[in-house]
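# Per-entry structural report
The primary structure of each chain is shown beneath.
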Amino acid sequence: MKPRVTIVRFCLPFLMLASCAVAPAQSAPAQSAPATATLRPIPTATRQPPTETPGPTAVPVPTLGPGFARLGDGPIITLGAPGAWDYPYTDPGAVAFHNGRFHMIRNGFQGWPAAVDWGYASSADGATWNKGADDMPILRSRDVPYAKLAALASSLLVETDNTWVLYFYTWENGSYPSAGGIGRATARNPQGPWTPDKDLVLKPGAQGAWDSQHVLAPNVLSTADGYVMYYAGYGPSGQQQIGRATSKDGIAWIKYDDPSTAAAPYAESDPVLKAGPSGAWDADWVHQPRVFNTGRGWLMIYRGTPAPRSQTMSLGMATSIDGVVWTRAQDNPVLSPADIAGTRQFWWTNGLAREGVLYLFVEGDLGGKTQIYLLTRKI
């Protein structure tokens, strides 16, 4: 959600870093970290995009948090004209690198809470993006039967049979806390047509559970052993925590459950990252997990807030050997809205790792409108 209404939008995307000092980990059962699956090329797109126009100058500005740089001073993807489907808000819903290009299914909307449409953009370098000749939505919230208000793109991957898979989450009403679950849609081409599954693939927990009201902001990784999903969840209190689920087929999911916790709210499943201690920058919410696994460890970028309904939001980093036990970086938060000149808030973040570089796409709020910026970090 955006600051123009009283309901705050918290919609809610690595490597172990030798240089990153961390605090002691919590005890939990260990799991082996699966290797990233090999993907095959996709068919040629049916709609040919026009020639790309230059984006911001790709010159790092090393003035940000630990190790991060910004490419250019402005956004890499700008809004449409007033009245367009993506005006005045757009965010980097889901991103992937495949067949030599960056691909983004972005969310666009005219208000919040409100219906959300998906648009497609592509890039050769992650900095200069092409939105296509018509720049029209490739799917609308009303195309998802169980999305009562909105369906928001969140995670994108490509199967070995050339099927594109997008995980999204639903937002049921205009209140907060809202409710909703995580869905899945497939296509033979990232430009669509997209076909949503007939039902949600991950639903909220039972009454009294930590995620009993809403599961959202999924980040799905395809591995040699199946799939791993990181997601945010909350109950009636609205306090968000980060959970983990696994699946053999990407459709039927099993939430992580620590057998040592048998009482509510963790009787049926457990978060793998909880809110920080009282007074910390992430003392109330930890959510929007964006996780990368390169075979040498896991790195998570997540968003945190210090107090209920707070609009003071920053991005933090955590690392893990097994994807279950997470350790926060000692120099958290690693990024704040002040790292993008004029930006008041970070609303939605996504990212991908390629050739030793983390590409972090951030929805920054500037002047009551949101656009997409690119931050990078060597890993």
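For the structure itself, look to the data block above.
Once a new chain begins, its residue numbering starts again from 1 and follows that chain's sequence as written. Predicted model: local features are reported for residues with pLDDT of at least 70 only, side-chain atom pairs are reported and counted for 80 or more only, and whole-chain, interface and lining totals are derived from all residues. Processing note: side-chain calculations cover all non-hydrogen atoms of the structure and skip hydrogens and water entirely.

### Description of the overall build of the chain
- The helix and strand tally for the chain stands at zero helices and 23 strands.
- Accessibility throughout is a Shrake-Rupley quantity obtained with a 1.4 Å probe, and a residue counts as covered only by protein chains that appear here. When the accessible surface of the chain is totalled, it reaches about 14500 Å², and 54% of it is carbon and sulfur. Counting from the N terminus, the helices are the DSSP runs of H or I reaching at least four residues and the strands are the DSSP runs of E reaching at least two.

### Section: the pattern of salt bridges
- Whenever a carboxyl oxygen of Asp or Glu lies within 4 Å of a side-chain nitrogen of Lys or Arg, that contact is scored as a salt bridge. Under the definition given, this model contains eleven salt bridges.
- A salt bridge links Asp117 to Arg140; the shortest N-O distance between them is 2.8 Å. Of this pair, Asp117 sits in strand β5 (residues 117–123) while Arg140 sits in strand β7 (residues 139–140); the two residues are 23 residues apart in sequence, bridging distant segments of the chain.
- Given the relative accessible area of 11%, Asp117 is considered buried. Throughout, exposure labels follow a simple rule: accessible area from a 1.4 Å probe, protein chains only, divided by the maximum for the residue type, with under 20% read as buried, over 50% as exposed, and the rest as partly exposed.

### A few points about the packing of aromatic side chains
- Ring pairs shown here join Phe, Tyr and Trp side chains whose ring centres sit within 6.5 Å, with only the six-membered ring taken for Trp; geometry is labelled stacked below 30 degrees between planes, edge-to-face above 60, and tilted in between. Within this structure, the stated rule accounts for 17 aromatic pairs.
- Centre to centre, the rings of Phe102 and Trp129 are 6.4 Å apart; their planes meet at 65°, and the pair counts as edge-to-face. Taken as a pair, Phe102 in strand β4 (residues 101–109) and Trp129 in strand β6 (residues 129–130) lie far apart in primary sequence, 27 residues in all. There is no split in this pair, since Phe102 and Trp129 are both buried.
- When the ring centre of Trp298 is taken as reference, the NZ or CZ atom of Arg244 above it lies at 5.7 Å.
- For the cation-ring pair, Arg377 lies above Phe68, with the distance from its terminal atom to the ring centre recorded as 5.7 Å. For a Lys NZ or an Arg CZ to count as sitting over a ring, it must be within 6 Å of the ring centre and within 35 degrees of the ring normal.

### Digging into the environment of Val272
- With respect to the helices, strands and loops of the structure, Val272 is situated in strand β16 (residues 271–273).
- Val272 sits in the buried class, given a relative accessible area of 10%.
- Each C-alpha atom, one on Val272 and one on Gly323, is 8.6 Å from the other, the two residues being 51 residues apart in sequence.
- Residue contacts for Val272: discarding those within four places in its chain leaves Tyr230, Ile242, Gly243, Arg244, Tyr256, Val324 and Trp326. Only heavy atoms matter for contacts: two residues are in contact if any of them lie within 4.5 Å across the pair.

### Here we look at the sheet that holds strand β17 (residues 285–293)
- At least two DSSP bridges between two strands are needed for those strands to be called paired. Strand order in the open sheet made by the four strands is β17-β18-β19-β20, with antiparallel pairing throughout. Each of the sheet's edge strands pairs with one partner strand only, and the pair in question is β17 and β20 (327–328).
- Looking at chain direction, β17 and strand β18 (residues 298–305) are connected through seven bridges and run antiparallel. Across the sheet, residue Val291 finds its bridge partner in β18, namely Met300.

### A word on the pairing of β4
- For β4, the buried fraction is high: eight of the nine residues fall into the buried class.
- Where strand β3 (residues 89–98) and β4 come together, eight bridges link them in antiparallel fashion. Opposite His98, over in β4, you have Arg101 as the bridge partner.
- Once β3 ends, the chain turns through two residues before running back antiparallel as β4, passing Asn99 with a positive phi of about 55°.
- Of the pairings in the sheet, the one linking β4 to β5 comprises seven bridges and is antiparallel in character. By the bridge assignment, His103 is partnered in β5 with Ser122.

### Observations concerning unusual backbone geometry
- In this structure, Pro113 follows Trp112 across a cis peptide bond, with omega equal to -5°.
- One can find Pro113 in the loop between β4 and β5.
- With an omega of 0°, the peptide bond between Tyr176 and Pro177 qualifies as cis.
- You can see Pro177 is positioned in the loop between β9 (164–171) and β10 (182–187).
- The phi torsion at Asn99 lies on the positive side, around 55°, for a residue other than glycine.
- Mapped onto the fold, Asn99 is located in the loop between β3 and β4.
- Even without being glycine, Gln288 reaches a positive phi, approximately 50°.

### Description of the sheet that holds β9
- If you trace the four strands from one edge of the open sheet to the other, you get β8-β9-β10-β11, paired in antiparallel fashion. Because the sheet does not close on itself, it has two edges, and the strands there are β8 (150–158) and β11 (195–196).
- Two strands pair when backbone bridges link them, and β8 and β9 are joined in this way by eight bridges, in the antiparallel orientation. Bridging from a neighbouring strand, Val158 pairs with Trp164 of β9.

### Digging into the side chain of Ser155
- For Ser155, the location among the structural elements is in strand β8.
- Take Ser155: its relative accessible area is 5%, and that puts it in the buried class.
- Distance and chemistry together define a polar contact, namely a pair of N or O atoms within 3.5 Å, with one atom able to donate a hydrogen and the other to accept it when in protein, and with adjacent residues in sequence counting only for side-chain atoms on both sides. Within polar-contact distance, the side chain of Ser155 engages the backbone nitrogen of Val220 at 2.9 Å.
- Beyond its immediate sequence surroundings of up to four residues, Ser155 is in contact with Gly93, Ala94, Val165, Leu166, Tyr167, Pro218, Asn219 and Val220.

### Section: the environment of Arg184
- The residue Arg184 is located in strand β10 in this model.
- Take Arg184: its relative accessible area is 10%, and that puts it in the buried class.
- For Arg184 and Ser155, which are 29 residues apart along the polypeptide, the C-alpha to C-alpha distance reads 9.4 Å.
- The contact partners of Arg184, leaving out residues within four places of it in the chain, are Tyr146, Val165, Leu166, Tyr167, Phe168, Thr195, Pro196, Asp197, Val201, Gly250 and Ile251.

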